[in-house]
Amino acid sequence: MAKATRLTLVCHGATPAVRTGAFPADEALEPGETQRAQAIAGHLRHAHRVLTSPALRARQTADALGLESIVDAALAEIDYGRWAGQAFTAVHDAQPDDVADWMHNPVSAPHGGESIHDFLVRIADWMRSHLNDGGHTIVVTHASIVRAAVLSALQAPDTAFWRIDVEPLSCIEMSSDGVRWMLRAAACLPPRAAGILP
């Protein structure tokens, strides 16, 4: 009999790249995001294990949530290659055909990093390898990982990647029957100060 397995995916807090629309590099959380994370800490269920991306912003979010985490390299952000740290608009202005190809062709990787397809395969493999973990695992990671996990659970096509919006500090829950992952619920975000857009 399969073990009951529950997975909570938590997107890390906002960073300057999130706020300015840049391809992320390894950067710290924005001021105030630690307090926002602390506001949801008490709403997370007890976990048997906590995993985090190697990225600083994910590790800082786990710390702010009061979680003692283990870094899992398989949960790393998609590799944006030469575009990492650059503003999306600047890259688009300089390389409009490459950006269009990357966004519409999942096997394209004009930045020299990871294609969307290869990234989705990586996360689907990770999801399969954790079907029978048993207990509850919290994963503090990236919006791209949350999107990929949802696509994997729903067996949706690669082209659906851009149709999922994941905000900083949002949570998704899944459960496994040992054969497949099922989407359980989406958790609420902590409140923002009035007039500040996510």
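Before reading on, note that the structure itself is shown above.
Presented here is a report on the structure given in the accompanying data block. Everything numeric here is computed off the predicted structure, so don't read it as measured data. (Residues numbered from 1 in each chain as written. Predicted model: local features only at pLDDT ≥ 70, side-chain atom pairs only at ≥ 80, totals over all residues. Heavy atoms only, no water.)

**Concerning the overall build of the chain**
- On a plain count of helices and strands, the chain comes out with seven helices and six strands.
- Shown N-terminal to C-terminal, the secondary structure of the chain runs as helices and strands in the order β-α-α-β-α-β-α-α-α-β-α-β-β.
- Whereas a compact globule of 198 residues would reach a radius of gyration of roughly 16 Å, the chain reaches 17 Å, a difference of no more than 12%.
- With the principal axes as the frame, the chain shows a C-alpha extent of 50 × 40 × 25 Å. (Helix = DSSP H or I, 4+ residues; strand = E, 2+ residues; numbered from the N terminus. Rg over C-alpha atoms; globule rule 2.2 N^0.38 Å.)

**Notes on the pattern of salt bridges**
- As enumerated under the stated definition, the model contains seven salt bridges in all.
- Here E30 and R19 are joined by a salt bridge, their closest N and O atoms 3.3 Å apart. Placement of the pair is E30 in the loop between α1 (16-20) and α2 (33-41) and R19 in helix α1, with a sequence separation of 11 residues.
- Judged by relative accessible area, R19 falls into the partly exposed class, the value being 32%.
- The salt bridge partner of E173 is R184, with a shortest N-O separation of 3.7 Å. Here E173 is found in strand β5 (residues 171-176), whereas its partner R184 is found in strand β6 (residues 181-187), with 11 residues between them in sequence.
- With relative accessibility at 15%, the residue E173 sits in the buried group. (Salt bridge = Lys/Arg side-chain N within 4 Å of Asp/Glu carboxyl O. Buried < 20%, exposed > 50% of the residue type's maximum accessible area, 1.4 Å probe, protein only.)

**Focus: unusual backbone geometry**
- Non-glycine residue Q155 carries a positive phi angle of around 55°.
- Within the secondary structure layout, Q155 lies in the loop between α7 (143-154) and β5.
- The phi torsion at L169 lies on the positive side, around 70°, for a residue other than glycine.
- With respect to the helices and strands, L169 occurs in the loop between α7 and β5.

**Looking at helix α3 (residues 56-64)**
- All of the buried residues in α3 are R57, A58, T61, A62 and A64. Angularly, the buried residues of α3 cover 160° about the axis, an arc narrow enough to put them on a single face.
- Residues of α3 that are buried make contact with α2, β2 (49-52) and β4 (135-141).
- Following α3 by one or two positions, G66 has its phi on the positive side, about 75°. (Arc of directions from axis to C-beta. Contact = heavy atoms within 4.5 Å.)

**Structural notes on α7**
- Taking 1.5 Å of rise per residue, 12 residues should cover 16 Å, and α7 covers 17 Å from first to last C-alpha, within 8% of that figure.
- Within α7, 10 of the 12 residues are buried, which leaves the element mostly enclosed by the surrounding structure.
- Listed as buried for α7 are A143, S144, I145, V146, R147, A148, A149, V150, L151 and A153.
- The positive-phi residue at the C-terminal boundary of α7 is Q155, with phi of around 55°. (Expected span 1.5 Å × (residues − 1).)

**Concerning the environment of D177**
- Within the secondary structure, D177 is located in the loop between β5 and β6.
- What makes D177 partly exposed here is its relative accessible area of 32%.
- Through-space distance from the C-alpha of D177 to that of T20 is 40 Å; in sequence the pair is 157 residues apart.
- Among the polar contacts listed, one links the side chain of D177 to the backbone nitrogen of R180, at a separation of 2.9 Å. (Polar contact = N/O pair within 3.5 Å; in protein donor to acceptor, adjacent residues only side chain to side chain.)

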